[in-house]
Amino acid sequence: MCMRERMNYKFSYFLDGMKPSEIRELLKMASTKGLISLGGGMPNPKTFPSDVLKSIMNDLIETRSAQVFQYANTLGVQETLDILPGYLEKTQGIKCLPENVILNSGSQQGLYELGKVLANPGDTIITEEPTYVGAISAFSANGLKMEGIEMDSMGMKTELLEERIKQLMKEGRKPSFIYTIPTFQNPTGYTMPLERRKHLIEISRSYDIPLIEDNPYGELRYYGNHVPAMRSLKGGEDVLYLGTFSKVMTPGLRLGYTIAPTEVISKFNLMKQALDLATNTFSQYVAYEYIKRGAIYKQVALNIDMYRKKRDIMVNALESEFNDGSIWSKPEGGMFVWLTVSQNVDTKQMIGEAIKNGVAYISGQAFTTKGAQKRSMRLNFTYGDDDQLAEGIRRLRKTFVKQ
Ligand SMILES: Cc1ncc(COP(=O)(O)O)c(C=O)c1O
(Lines give C-alpha, C1' and ligand atoms only; values in the text may rest on other atoms or scores of the structure.)
Protein backbone atom coordinates (compact mmCIF):
# COMPACT_ATOMS: atom_id res chain seq x y z
CA MET A 1 0.00 0.00 0.00
CA CYS A 2 1.35 3.38 -0.98
CA MET A 3 0.55 6.25 1.36
CA ARG A 4 -0.23 9.56 -0.34
CA GLU A 5 1.59 12.62 0.84
CA ARG A 6 -1.63 14.64 0.96
CA MET A 7 -5.31 13.73 1.02
CA ASN A 8 -7.09 13.99 -2.31
CA TYR A 9 -10.37 15.61 -1.24
CA LYS A 10 -13.43 15.06 -3.40
CA PHE A 11 -15.98 17.82 -2.94
CA SER A 12 -19.74 17.59 -3.34
CA TYR A 13 -21.46 18.84 -6.45
CA PHE A 14 -23.56 21.17 -4.30
CA LEU A 15 -20.55 23.50 -4.27
CA ASP A 16 -20.57 23.85 -8.04
CA GLY A 17 -23.17 26.63 -8.15
CA MET A 18 -21.73 28.50 -5.17
CA LYS A 19 -19.65 31.55 -5.87
CA PRO A 20 -17.23 33.20 -3.44
CA SER A 21 -18.28 36.68 -2.37
CA GLU A 22 -16.96 39.07 -5.00
CA ILE A 23 -16.17 41.87 -2.64
CA ARG A 24 -14.37 39.73 -0.08
CA GLU A 25 -12.21 38.24 -2.81
CA LEU A 26 -11.39 41.66 -4.23
CA LEU A 27 -10.57 43.25 -0.94
CA LYS A 28 -8.06 40.53 -0.29
CA MET A 29 -6.17 41.73 -3.36
CA ALA A 30 -6.64 45.46 -3.01
CA SER A 31 -4.97 47.68 -0.50
CA THR A 32 -7.99 48.90 1.44
CA LYS A 33 -6.45 52.15 2.68
CA GLY A 34 -8.71 55.04 1.75
CA LEU A 35 -11.02 52.77 -0.23
CA ILE A 36 -14.69 53.72 -0.03
CA SER A 37 -16.73 50.55 -0.13
CA LEU A 38 -20.27 50.84 -1.43
CA GLY A 39 -20.20 47.09 -1.83
CA GLY A 40 -21.12 45.35 1.42
CA GLY A 41 -24.73 45.13 2.55
CA MET A 42 -24.08 46.20 6.11
CA PRO A 43 -26.10 48.35 8.49
CA ASN A 44 -24.30 51.39 9.89
CA PRO A 45 -22.66 50.48 13.21
CA LYS A 46 -24.00 53.75 14.67
CA THR A 47 -27.45 52.13 14.54
CA PHE A 48 -26.42 49.36 16.93
CA PRO A 49 -28.35 50.01 20.15
CA SER A 50 -25.36 49.31 22.38
CA ASP A 51 -26.60 51.02 25.56
CA VAL A 52 -29.98 49.29 25.47
CA LEU A 53 -28.39 45.96 24.64
CA LYS A 54 -25.86 46.34 27.44
CA SER A 55 -28.60 46.90 29.97
CA ILE A 56 -30.72 44.04 28.60
CA MET A 57 -27.75 41.68 28.58
CA ASN A 58 -26.70 42.62 32.12
CA ASP A 59 -30.23 42.09 33.41
CA LEU A 60 -30.52 38.74 31.64
CA ILE A 61 -27.22 37.47 33.00
CA GLU A 62 -28.03 38.63 36.52
CA THR A 63 -31.55 37.29 36.66
CA ARG A 64 -31.90 34.44 34.15
CA SER A 65 -28.51 32.92 33.48
CA ALA A 66 -29.83 29.37 33.96
CA GLN A 67 -32.11 29.88 30.96
CA VAL A 68 -30.24 32.26 28.69
CA PHE A 69 -27.14 30.08 28.48
CA GLN A 70 -29.04 26.80 28.14
CA TYR A 71 -30.02 25.01 24.91
CA ALA A 72 -33.31 26.33 23.58
CA ASN A 73 -36.12 24.42 21.89
CA THR A 74 -35.45 23.90 18.21
CA LEU A 75 -38.31 26.18 17.21
CA GLY A 76 -37.18 28.88 19.61
CA VAL A 77 -37.44 30.35 23.11
CA GLN A 78 -41.11 30.43 24.05
CA GLU A 79 -41.17 34.09 25.17
CA THR A 80 -39.67 35.16 21.84
CA LEU A 81 -42.07 32.96 19.85
CA ASP A 82 -44.92 34.50 21.86
CA ILE A 83 -43.93 38.12 21.39
CA LEU A 84 -43.25 38.04 17.62
CA PRO A 85 -46.87 37.81 16.41
CA GLY A 86 -47.74 41.08 18.19
CA TYR A 87 -44.67 42.78 16.70
CA LEU A 88 -45.54 41.53 13.21
CA GLU A 89 -49.14 42.62 13.49
CA LYS A 90 -48.09 46.10 14.59
CA THR A 91 -45.37 46.61 11.98
CA GLN A 92 -46.59 44.53 9.01
CA GLY A 93 -50.27 43.84 9.67
CA ILE A 94 -49.44 40.12 9.70
CA LYS A 95 -51.71 37.95 11.80
CA CYS A 96 -50.11 34.72 13.01
CA LEU A 97 -49.77 32.61 16.14
CA PRO A 98 -46.65 31.59 18.05
CA GLU A 99 -47.00 28.10 16.53
CA ASN A 100 -46.51 29.64 13.09
CA VAL A 101 -43.02 30.91 14.01
CA ILE A 102 -39.56 29.34 13.88
CA LEU A 103 -36.53 31.34 15.01
CA ASN A 104 -33.40 30.89 12.95
CA SER A 105 -29.76 31.86 12.89
CA GLY A 106 -30.53 34.85 10.65
CA SER A 107 -33.08 34.68 7.89
CA GLN A 108 -30.20 33.25 5.86
CA GLN A 109 -30.69 29.97 7.70
CA GLY A 110 -34.40 30.21 6.92
CA LEU A 111 -33.51 30.39 3.21
CA TYR A 112 -31.32 27.31 3.47
CA GLU A 113 -34.06 25.41 5.33
CA LEU A 114 -36.55 26.33 2.61
CA GLY A 115 -34.34 24.85 -0.05
CA LYS A 116 -34.01 21.66 1.98
CA VAL A 117 -37.63 21.30 3.04
CA LEU A 118 -39.64 22.38 0.00
CA ALA A 119 -37.51 21.03 -2.83
CA ASN A 120 -35.22 18.20 -3.88
CA PRO A 121 -31.80 18.56 -5.52
CA GLY A 122 -32.29 19.22 -9.24
CA ASP A 123 -35.70 20.89 -8.74
CA THR A 124 -36.47 24.24 -10.30
CA ILE A 125 -37.45 27.29 -8.29
CA ILE A 126 -38.37 30.82 -9.31
CA THR A 127 -36.50 33.94 -8.19
CA GLU A 128 -36.38 37.53 -9.28
CA GLU A 129 -33.68 38.41 -11.80
CA PRO A 130 -31.53 39.86 -10.26
CA THR A 131 -31.88 38.50 -6.72
CA TYR A 132 -30.16 38.41 -3.32
CA VAL A 133 -26.75 36.78 -3.61
CA GLY A 134 -27.19 34.89 -0.32
CA ALA A 135 -30.38 33.31 -1.65
CA ILE A 136 -28.45 32.16 -4.72
CA SER A 137 -25.92 30.55 -2.34
CA ALA A 138 -28.55 28.94 -0.13
CA PHE A 139 -30.47 27.52 -3.09
CA SER A 140 -27.33 26.42 -4.96
CA ALA A 141 -26.10 24.67 -1.82
CA ASN A 142 -29.26 22.59 -2.06
CA GLY A 143 -28.70 21.77 -5.72
CA LEU A 144 -31.68 23.81 -6.94
CA LYS A 145 -32.02 25.28 -10.42
CA MET A 146 -33.03 28.92 -10.43
CA GLU A 147 -35.24 30.47 -13.06
CA GLY A 148 -34.96 34.24 -12.76
CA ILE A 149 -37.94 36.35 -13.79
CA GLU A 150 -37.15 39.77 -15.21
CA MET A 151 -38.02 42.79 -13.09
CA ASP A 152 -39.01 46.37 -13.74
CA SER A 153 -39.22 49.19 -11.20
CA MET A 154 -42.35 47.46 -9.81
CA GLY A 155 -40.53 44.22 -9.05
CA MET A 156 -40.96 40.81 -10.63
CA LYS A 157 -43.02 40.96 -13.84
CA THR A 158 -45.88 38.72 -12.88
CA GLU A 159 -47.20 38.40 -16.45
CA LEU A 160 -43.87 36.90 -17.44
CA LEU A 161 -43.91 34.71 -14.36
CA GLU A 162 -47.16 33.08 -15.36
CA GLU A 163 -45.91 32.39 -18.88
CA ARG A 164 -42.71 30.89 -17.51
CA ILE A 165 -44.59 28.65 -15.09
CA LYS A 166 -46.76 27.32 -17.91
CA GLN A 167 -43.69 26.65 -20.03
CA LEU A 168 -41.83 24.95 -17.19
CA MET A 169 -44.83 22.78 -16.43
CA LYS A 170 -44.94 21.69 -20.08
CA GLU A 171 -41.31 20.65 -19.70
CA GLY A 172 -42.19 18.67 -16.56
CA ARG A 173 -40.31 21.16 -14.36
CA LYS A 174 -43.02 22.60 -12.15
CA PRO A 175 -41.27 25.05 -9.81
CA SER A 176 -41.06 23.97 -6.17
CA PHE A 177 -41.52 27.54 -4.92
CA ILE A 178 -41.42 31.21 -5.89
CA TYR A 179 -38.96 33.38 -3.97
CA THR A 180 -39.47 37.15 -3.89
CA ILE A 181 -38.18 40.18 -1.99
CA PRO A 182 -41.08 42.50 -2.78
CA THR A 183 -40.11 45.42 -0.55
CA PHE A 184 -36.92 47.48 -1.13
CA GLN A 185 -35.49 44.53 -2.99
CA ASN A 186 -31.88 43.44 -2.65
CA PRO A 187 -30.12 44.33 -4.97
CA THR A 188 -32.37 46.78 -6.85
CA GLY A 189 -34.20 48.70 -4.11
CA TYR A 190 -37.48 48.33 -6.04
CA THR A 191 -40.83 47.75 -4.31
CA MET A 192 -43.71 45.76 -5.74
CA PRO A 193 -47.02 47.65 -5.65
CA LEU A 194 -50.17 46.18 -4.14
CA GLU A 195 -51.84 45.07 -7.37
CA ARG A 196 -48.84 43.05 -8.46
CA ARG A 197 -48.60 41.48 -5.01
CA LYS A 198 -52.19 40.35 -5.34
CA HIS A 199 -51.45 38.94 -8.78
CA LEU A 200 -48.48 37.04 -7.40
CA ILE A 201 -50.61 35.50 -4.66
CA GLU A 202 -53.23 34.59 -7.26
CA ILE A 203 -50.60 32.85 -9.42
CA SER A 204 -49.16 31.01 -6.43
CA ARG A 205 -52.59 29.74 -5.43
CA SER A 206 -53.80 28.91 -8.95
CA TYR A 207 -50.75 26.82 -9.75
CA ASP A 208 -50.34 25.53 -6.20
CA ILE A 209 -46.74 26.75 -5.92
CA PRO A 210 -45.64 28.01 -2.48
CA LEU A 211 -44.78 31.70 -2.33
CA ILE A 212 -41.86 32.89 -0.21
CA GLU A 213 -41.77 36.55 0.88
CA ASP A 214 -38.37 37.66 2.19
CA ASN A 215 -38.70 40.99 3.97
CA PRO A 216 -35.52 42.01 5.78
CA TYR A 217 -35.92 45.72 4.95
CA GLY A 218 -39.68 46.18 5.42
CA GLU A 219 -39.30 48.27 8.59
CA LEU A 220 -36.94 50.73 6.88
CA ARG A 221 -39.21 53.00 4.82
CA TYR A 222 -38.00 56.57 4.21
CA TYR A 223 -40.55 57.81 1.68
CA GLY A 224 -43.99 56.93 0.34
CA ASN A 225 -46.75 54.81 1.81
CA HIS A 226 -46.51 51.41 3.40
CA VAL A 227 -47.32 48.59 0.96
CA PRO A 228 -48.80 45.64 2.85
CA ALA A 229 -46.77 42.47 3.16
CA MET A 230 -48.17 39.68 0.98
CA ARG A 231 -48.50 37.51 4.09
CA SER A 232 -50.95 40.12 5.48
CA LEU A 233 -53.21 40.17 2.40
CA LYS A 234 -56.42 38.26 1.86
CA GLY A 235 -55.41 34.93 0.33
CA GLY A 236 -51.84 35.39 1.61
CA GLU A 237 -52.25 33.21 4.71
CA ASP A 238 -50.14 30.43 3.18
CA VAL A 239 -47.29 32.73 2.12
CA LEU A 240 -44.06 31.78 3.90
CA TYR A 241 -42.63 34.98 5.38
CA LEU A 242 -38.99 35.55 6.36
CA GLY A 243 -38.02 38.34 8.74
CA THR A 244 -34.89 39.30 10.64
CA PHE A 245 -33.50 41.35 13.51
CA SER A 246 -30.37 42.13 11.47
CA LYS A 247 -31.51 45.54 10.25
CA VAL A 248 -33.54 46.58 13.31
CA MET A 249 -31.23 45.37 16.11
CA THR A 250 -27.84 43.99 15.01
CA PRO A 251 -26.80 41.45 12.36
CA GLY A 252 -24.12 40.07 14.68
CA LEU A 253 -26.66 38.57 17.06
CA ARG A 254 -27.78 36.39 14.08
CA LEU A 255 -31.49 36.18 14.63
CA GLY A 256 -34.19 35.76 12.01
CA TYR A 257 -37.51 33.99 11.74
CA THR A 258 -39.87 32.28 9.34
CA ILE A 259 -43.67 32.47 9.57
CA ALA A 260 -45.42 29.48 8.04
CA PRO A 261 -48.44 27.17 8.42
CA THR A 262 -47.91 24.68 11.25
CA GLU A 263 -47.49 21.68 8.91
CA VAL A 264 -44.53 23.45 7.29
CA ILE A 265 -43.12 24.64 10.63
CA SER A 266 -42.97 21.03 11.82
CA LYS A 267 -40.78 20.14 8.80
CA PHE A 268 -38.49 23.12 9.46
CA ASN A 269 -38.26 21.88 13.04
CA LEU A 270 -37.05 18.46 11.86
CA MET A 271 -34.55 19.98 9.46
CA LYS A 272 -33.19 22.48 11.99
CA GLN A 273 -32.44 19.66 14.41
CA ALA A 274 -29.92 18.46 11.86
CA LEU A 275 -28.58 21.94 11.13
CA ASP A 276 -27.85 23.35 14.59
CA LEU A 277 -30.33 21.91 17.15
CA ALA A 278 -31.45 25.42 18.05
CA THR A 279 -30.73 29.10 17.48
CA ASN A 280 -28.53 31.05 19.90
CA THR A 281 -30.57 31.19 23.11
CA PHE A 282 -29.04 34.39 24.42
CA SER A 283 -29.85 36.30 21.22
CA GLN A 284 -33.44 35.16 21.41
CA TYR A 285 -33.85 36.42 24.97
CA VAL A 286 -32.18 39.70 24.03
CA ALA A 287 -34.61 40.14 21.11
CA TYR A 288 -37.54 39.32 23.37
CA GLU A 289 -36.55 42.03 25.86
CA TYR A 290 -35.74 44.45 23.03
CA ILE A 291 -39.32 44.18 21.77
CA LYS A 292 -40.93 43.97 25.22
CA ARG A 293 -39.20 47.15 26.43
CA GLY A 294 -40.27 48.96 23.24
CA ALA A 295 -36.64 49.73 22.37
CA ILE A 296 -37.05 48.30 18.88
CA TYR A 297 -39.56 50.98 17.85
CA LYS A 298 -37.37 53.83 19.09
CA GLN A 299 -34.28 52.42 17.38
CA VAL A 300 -36.00 51.84 14.04
CA ALA A 301 -37.21 55.46 14.03
CA LEU A 302 -33.58 56.59 14.52
CA ASN A 303 -32.34 54.24 11.78
CA ILE A 304 -34.91 55.63 9.38
CA ASP A 305 -33.79 59.23 10.02
CA MET A 306 -30.15 58.35 9.49
CA TYR A 307 -30.68 56.22 6.39
CA ARG A 308 -33.12 58.62 4.71
CA LYS A 309 -30.39 61.26 4.73
CA LYS A 310 -27.81 58.83 3.38
CA ARG A 311 -30.16 57.65 0.64
CA ASP A 312 -30.70 61.28 -0.39
CA ILE A 313 -26.96 61.96 -0.46
CA MET A 314 -26.37 59.01 -2.76
CA VAL A 315 -29.29 59.68 -5.09
CA ASN A 316 -28.40 63.40 -5.31
CA ALA A 317 -24.75 62.59 -6.00
CA LEU A 318 -25.81 60.24 -8.80
CA GLU A 319 -28.00 62.99 -10.25
CA SER A 320 -25.11 65.42 -10.40
CA GLU A 321 -22.35 63.00 -11.44
CA PHE A 322 -24.09 60.53 -13.75
CA ASN A 323 -26.10 62.73 -16.11
CA ASP A 324 -24.84 60.76 -19.13
CA GLY A 325 -27.85 58.53 -19.72
CA SER A 326 -27.04 56.12 -16.88
CA ILE A 327 -30.06 55.07 -14.82
CA TRP A 328 -30.49 54.18 -11.17
CA SER A 329 -33.26 53.21 -8.77
CA LYS A 330 -34.62 55.75 -6.28
CA PRO A 331 -35.54 53.44 -3.42
CA GLU A 332 -38.18 54.45 -0.92
CA GLY A 333 -36.46 52.37 1.75
CA GLY A 334 -33.96 49.61 2.41
CA MET A 335 -30.23 49.80 1.83
CA PHE A 336 -29.46 49.73 -1.89
CA VAL A 337 -29.42 51.68 -5.13
CA TRP A 338 -29.11 49.79 -8.43
CA LEU A 339 -27.06 51.67 -11.00
CA THR A 340 -26.99 50.77 -14.68
CA VAL A 341 -24.29 52.71 -16.49
CA SER A 342 -24.77 54.10 -19.98
CA GLN A 343 -21.42 52.87 -21.28
CA ASN A 344 -21.31 49.41 -22.77
CA VAL A 345 -18.98 47.99 -20.12
CA ASP A 346 -18.88 44.92 -17.92
CA THR A 347 -19.00 46.21 -14.34
CA LYS A 348 -17.40 43.00 -13.08
CA GLN A 349 -14.34 43.61 -15.21
CA MET A 350 -14.25 47.25 -14.16
CA ILE A 351 -13.96 46.53 -10.44
CA GLY A 352 -10.16 46.61 -10.51
CA GLU A 353 -10.28 50.02 -12.19
CA ALA A 354 -12.84 51.28 -9.65
CA ILE A 355 -10.68 50.09 -6.76
CA LYS A 356 -7.73 51.93 -8.27
CA ASN A 357 -9.94 55.01 -8.15
CA GLY A 358 -10.70 54.26 -4.49
CA VAL A 359 -14.24 52.89 -4.62
CA ALA A 360 -15.77 49.40 -4.53
CA TYR A 361 -19.22 48.07 -5.43
CA ILE A 362 -20.74 44.69 -6.25
CA SER A 363 -21.25 44.00 -9.92
CA GLY A 364 -24.68 43.09 -11.29
CA GLN A 365 -23.44 39.63 -12.23
CA ALA A 366 -23.12 38.61 -8.58
CA PHE A 367 -26.92 38.74 -8.31
CA THR A 368 -27.78 36.50 -11.20
CA THR A 369 -27.28 32.91 -12.18
CA LYS A 370 -27.29 33.85 -15.87
CA GLY A 371 -24.19 36.04 -16.15
CA ALA A 372 -26.52 38.91 -17.10
CA GLN A 373 -26.84 42.41 -15.57
CA LYS A 374 -23.41 43.27 -16.98
CA ARG A 375 -23.86 47.04 -17.02
CA SER A 376 -25.33 47.19 -13.53
CA MET A 377 -24.01 47.34 -9.99
CA ARG A 378 -25.37 47.44 -6.46
CA LEU A 379 -24.49 50.42 -4.29
CA ASN A 380 -25.04 50.38 -0.53
CA PHE A 381 -25.84 53.70 1.14
CA THR A 382 -26.27 52.70 4.78
CA TYR A 383 -22.74 51.81 5.81
CA GLY A 384 -20.60 54.73 4.65
CA ASP A 385 -20.24 58.11 6.35
CA ASP A 386 -22.20 60.89 4.66
CA ASP A 387 -19.17 62.53 3.03
CA GLN A 388 -17.84 59.15 1.88
CA LEU A 389 -21.07 58.43 0.02
CA ALA A 390 -20.83 61.55 -2.13
CA GLU A 391 -17.09 61.06 -2.66
CA GLY A 392 -17.68 57.40 -3.54
CA ILE A 393 -20.07 58.42 -6.32
CA ARG A 394 -17.53 60.97 -7.64
CA ARG A 395 -14.95 58.18 -7.81
CA LEU A 396 -17.41 55.95 -9.62
CA ARG A 397 -17.97 58.71 -12.14
CA LYS A 398 -14.24 58.81 -12.80
CA THR A 399 -14.45 55.10 -13.56
CA PHE A 400 -17.61 55.01 -15.66
CA VAL A 401 -18.49 58.35 -17.18
CA LYS A 402 -16.62 59.46 -20.29
CA GLN A 403 -14.89 62.73 -19.35
C1 LIG B 1 -32.95 39.72 0.91
C2 LIG B 1 -32.18 39.20 2.08
N3 LIG B 1 -32.57 38.07 2.66
C4 LIG B 1 -31.93 37.57 3.72
C5 LIG B 1 -30.82 38.19 4.23
C6 LIG B 1 -30.10 37.54 5.37
O7 LIG B 1 -30.13 38.30 6.51
P8 LIG B 1 -29.84 37.71 7.95
O9 LIG B 1 -29.36 36.32 7.80
O10 LIG B 1 -28.83 38.62 8.53
O11 LIG B 1 -31.16 37.76 8.66
C12 LIG B 1 -30.36 39.38 3.65
C13 LIG B 1 -29.16 40.05 4.17
O14 LIG B 1 -28.65 40.98 3.68
C15 LIG B 1 -31.07 39.89 2.54
O16 LIG B 1 -30.70 41.02 1.93
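Note that the structure is a prediction, hence the values are computed from the model and not measured.

Trainee: Just to check I follow, could you spell out the pairing of strand β11 (residues 336–340) for this structure?
Mentor: Looking down a regular strand, the side chains alternate between one sheet face and the other. Most of β11 is tucked away, with five of its five residues classed as buried. Of the two faces of β11, the one holding Phe336, Trp338 and Thr340 and the one holding Val337 and Leu339 are both buried throughout. Two elements, strand β10 (residues 327–328) and β11, share two bridges in a ladder whose sense is antiparallel. Its bridge partner being in β11, Trp328 is matched across the sheet by Leu339. Relative to strand β14 (residues 376–380), β11 runs antiparallel, the two being bridged by five bridges.

Trainee: It is not clear to me how the site of the ligand should be interpreted in this structure. Could you clarify?
Mentor: By nearness alone, 14 residues border the ligand, and Ser107, Asp214, Tyr217, Thr244 and Ser246 come closest of all. Residue Ser107 places a main-chain N or O atom 2.7 Å away from an oxygen atom belonging to the ligand. Gln108 is positioned such that a nitrogen or oxygen atom in its backbone is 3.0 Å from an oxygen atom of the ligand. For the ligand, whose unbound accessible area comes to 400 Å², protein coverage reaches 93%. Broken down by element, the residue count for the shell around the ligand peaks at three residues, all from helix α4 (residues 106–117). The class makeup of the residues in the shell around the ligand is five nonpolar, six polar and three charged.

Trainee: What exactly am I supposed to notice about a nonpolar patch on the surface here?
Mentor: A contiguous nonpolar surface patch, about 600 Å² in accessible area, is contributed by Met7, Tyr9, Phe11, Leu15 and Met18. Secondary-structure assignment places Met7 in the segment before α1 (22–29). For Met7, a relative accessible area of 59% translates into the label exposed.

Trainee: I would appreciate a short explanation of the sheet that holds β10 in the present structure.
Mentor: Strands belonging to one sheet form pairs held by backbone hydrogen bonds; the direction of such a pair is parallel or antiparallel. Overall, antiparallel pairing links the four strands, which are arranged β10-β11-β14-β13 in an open sheet. Bordering the open sheet on either side are β10 and β13 (362–363), each of which pairs with just one other strand.

Trainee: Help me out: how do you make sense of unusual backbone geometry in this one?
Mentor: Note on backbone geometry: most residues besides glycine have negative phi, and most peptide bonds are trans. The residue after Glu129, namely Pro130, is reached through a cis peptide bond having omega 5 degrees. Residue placement: Pro130 occurs in the loop between β3 (124–129) and α5 (133–140). In the segment running from Asn186 into Pro187, the intervening peptide bond is cis, with an omega of 20 degrees. Along the chain, Pro187 turns up in the loop between β6 (178–180) and α7 (194–207). At Phe184, a position not held by glycine, the phi torsion is positive, near 50 degrees.

Trainee: How should I be thinking about the packing of helix α6 (residues 158–170) against α7 in this particular structure?
Mentor: A packed helix pair is summarised by two numbers, namely the angle formed by the two axes and the spacing between the axes. Where α6 meets α7, the closest approach of the two axes is 10 Å, and the angle between their N-to-C directions is 15 degrees. With respect to α7, the element α6 is oriented roughly parallel. Crossing geometry of α6 relative to α7 is assigned as right-handed. Side by side, α6 and α7 meet where Thr158, Glu159, Leu161, Glu162, Ile165, Lys166 and Met169 of the first sit next to Arg196, His199, Leu200, Ile203 and Tyr207 of the second. Classifying every residue of the contact of α6 with α7 by side-chain character gives six nonpolar, two polar and four charged.

Trainee: Explain the domain arrangement of the protein chain to me, please; I cannot follow it from the model alone.
Mentor: Where interface size is given, it is often the accessible area lost as the parts come together that is meant. If you check the domain split of the protein chain, you get domain 1 (13–48 + 298–400) and domain 2 (50–296). Look at where the C-alpha atoms of domain 1 and domain 2 centre, and you get two points 24 Å apart. Ranking the residues of domain 1 by area buried against domain 2 places Phe48, Glu332 and Phe367 at the top, with a combined share of 20%. At the junction of domain 1 with domain 2, the criterion picks out one salt bridge. The partner of Glu332 in a salt bridge is Arg221, and the shortest N-O contact between them spans 2.8 Å.

Trainee: Looking at this model, I keep getting lost on the side chain of Thr47. Mind explaining?
Mentor: Looking at the secondary structure, you find Thr47 in the loop between β1 (36–37) and α2 (50–68). Note on Thr47: relative accessible area 3%, which makes it buried. Leave out the neighbours within four places in its chain, and Thr47 touches Met249, Gln299, Asn303, Met306 and Tyr307.

Trainee: Can you walk me through α5 in this structure?
Mentor: The buried fraction of α5 amounts to six of the eight residues, a majority that puts the element mostly inside the structure. Along α5, the positions that sit buried rather than exposed are Gly134, Ala135, Ile136, Ala138, Phe139 and Ser140.

Trainee: I keep staring at the packing of aromatic side chains and nothing clicks. Help me out?
Mentor: Ring pairs (aromatic) are described by centroid distance and by the angle formed between their planes. One pass over the full model with this rule turns up 12 aromatic pairs. Summarising the aromatic geometry, the rings of Tyr9 and Phe11 are spaced 6.2 Å apart at their centres and angled 25 degrees between planes, so their arrangement reads as stacked. A residue is classified by how much of its surface remains accessible, and Tyr9, at 55% relative accessible area, is exposed. On the numbers, 5.5 Å between centres and 25 degrees between planes, the contact of Phe69 with Phe282 is stacked. With Phe69 in the loop between α2 and α3 (78–92) and Phe282 in helix α9 (residues 281–292), this pair connects stretches of sequence that are 213 residues apart.

Trainee: Mind showing me how you'd approach the nonpolar core here?
Mentor: Within soluble globular proteins, side chains that are nonpolar tend to cluster in buried spots. One finds Phe245, Tyr257, Phe322, Leu379 and Leu396 to be the most contacted residues of the largest nonpolar core, which totals 67 residues. Top contributing element to this core by residue count: helix α10 (residues 295–321), with nine residues. Both of domain 1 (13–48 + 298–400) and domain 2 (50–296) provide at least three residues apiece to this core. Leaving out residues up to four positions away in the same chain, Leu379 has contacts with Leu38, Met314, Leu318, Met335, Phe336, Val337, Leu339, Tyr361, Ile393 and Leu396. Counting 21 residues, the second-largest nonpolar core is a separate cluster that includes Ile136, Leu240, Ala260 and Val264.

How each quantity is defined
Residues numbered from 1 in each chain as written. Predicted model: local features only at pLDDT ≥ 70, side-chain atom pairs only at ≥ 80, totals over all residues. Heavy atoms only, no water. Buried < 20%, exposed > 50% of the residue type's maximum accessible area, 1.4 Å probe, protein only. Helix = DSSP H or I, 4+ residues; strand = E, 2+ residues; numbered from the N terminus. Pairing = 2+ DSSP bridges. Near = heavy atom within 4 Å. Polar contact = N/O pair within 3.5 Å; in protein donor to acceptor, adjacent residues only side chain to side chain. Areas by Shrake-Rupley, 256 points an atom, 1.4 Å probe, with all protein chains shown as cover. Nonpolar A, V, L, I, M, F, W, Y, C, P; charged D, E, K, R; others polar. Patch = residues over 30% accessible without salt bridge, like charges linked within 9 Å, V, L, I, M, F, W, Y side chains within 5 Å. Salt bridge = Lys/Arg side-chain N within 4 Å of Asp/Glu carboxyl O. Axes fitted to C-alpha atoms, helices over the stretch in contact; angles between N-to-C directions. Parallel < 35°, antiparallel > 145°, perpendicular 65-115°, else oblique. Left-handed = near helix turned anticlockwise from the far one by under 90°. Contact = heavy atoms within 4.5 Å. Domains from an automatic or database assignment. Buried area = accessible area lost by both parts, 1.4 Å probe. Phe/Tyr/Trp six-rings, centres within 6.5 Å; stacked < 30°, edge-to-face > 60°. Core = buried A, V, L, I, M, F, W, Y, C linked by side-chain atoms within 4.5 Å.

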